[in-house]
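What follows is each chain in one-letter form.
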Amino acid sequence: MDHRLLEIVACPVCHGKLYYIKDQQELICKPDGLAYPVRDGIPVLLETEARSLTMEEIHP
């Protein structure tokens, strides 16, 4: 994922910073506990498409 794109995208719920997890192809919002998928290099920033993070993923 392009680092310039990562600098401008924000969580659609809290408008906070998202962190890219390359292995899982996801953008993570730890405060909200959500993971947004990245499909074909395009972030899908819809709350309905996000999965909930487990406690282990939020606090490793």
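- The protein chain goes by UPF0434 protein EbC_15090 in an unreviewed UniProt entry, where it is assigned to Erwinia billingiae.

Structural notes on the pattern of salt bridges
- Taken as a whole and assessed by the stated rule, the structure comprises 3 salt bridges.
- As a salt-bridge pair, Arg 51 and Glu 26 come within 2.8 Å of each other at their nearest N and O atoms. Here Glu 26 lies in strand E2 (residues 26-29) and Arg 51 lies in strand E5 (residues 51-52), a separation of 25 residues in the sequence.
- Take Glu 26: its relative accessible area is 10%, and that puts it in the buried class.
- Here Glu 49 makes a salt bridge to Arg 39, at a shortest N to O gap of 2.9 Å. Note that Glu 49 is positioned in the loop between strand E4 (42-43) and E5 and Arg 39 in strand E3 (residues 34-39), a separation of 10 residues in sequence.
- One network of salt bridges, in which partners are shared, links Glu 26, Arg 51 and Glu 57.

Some remarks on the environment of Leu 18
- Structurally, Leu 18 is set in the loop between helix H1 (3-8) and strand E1 (19-21).
- Along the backbone, Leu 18 and Ile 8 are 10 residues apart, and their C-alpha atoms lie at a distance of 9.5 Å.
- Each residue touching Leu 18, except ones within four places of it in the same chain, is listed here: Leu 6, Val 9, Ala 10, Cys 11, Leu 27, Ile 28, Cys 29, Tyr 36 and Leu 45.

Things to note about the nonpolar core
- Core analysis: the biggest nonpolar cluster contains 9 residues, these being Val 9, Cys 11, Leu 18, Leu 27, Cys 29, Leu 34, Tyr 36, Val 38 and Ala 50.
- Top element by residues in this core is E3. It accounts for 3 residues.
- Those residues in contact with Ala 50 that lie beyond four places of it in its chain are Leu 34, Ala 35 and Tyr 36.

Examining the pairing of E2
- Along E2, one buried face is formed by Glu 26 and Ile 28 and the opposite face, lined by Leu 27 and Cys 29, is buried too.
- Between the antiparallel neighbours E1 and E2 lie 4 residues, among them Gln 25 with a positive phi of about 55 degrees.
- Both E2 and E3 contribute to a ladder of 4 bridges, which runs antiparallel. Bridging from a neighbouring strand, Ile 28 pairs with Ala 35 of E3.
- Counted along the chain from E2 to the antiparallel partner E3, the turn is 4 residues long, and its residue Gly 33 has a positive phi close to 70 degrees.

Rules of the game
Residues numbered from 1 in each chain as written. Predicted model: local features only at pLDDT ≥ 70, side-chain atom pairs only at ≥ 80, totals over all residues. Heavy atoms only, no water. Salt bridge = Lys/Arg side-chain N within 4 Å of Asp/Glu carboxyl O. Helix = DSSP H or I, 4+ residues; strand = E, 2+ residues; numbered from the N terminus. Buried < 20%, exposed > 50% of the residue type's maximum accessible area, 1.4 Å probe, protein only. Contact = heavy atoms within 4.5 Å. Core = buried A, V, L, I, M, F, W, Y, C linked by side-chain atoms within 4.5 Å. Pairing = 2+ DSSP bridges.

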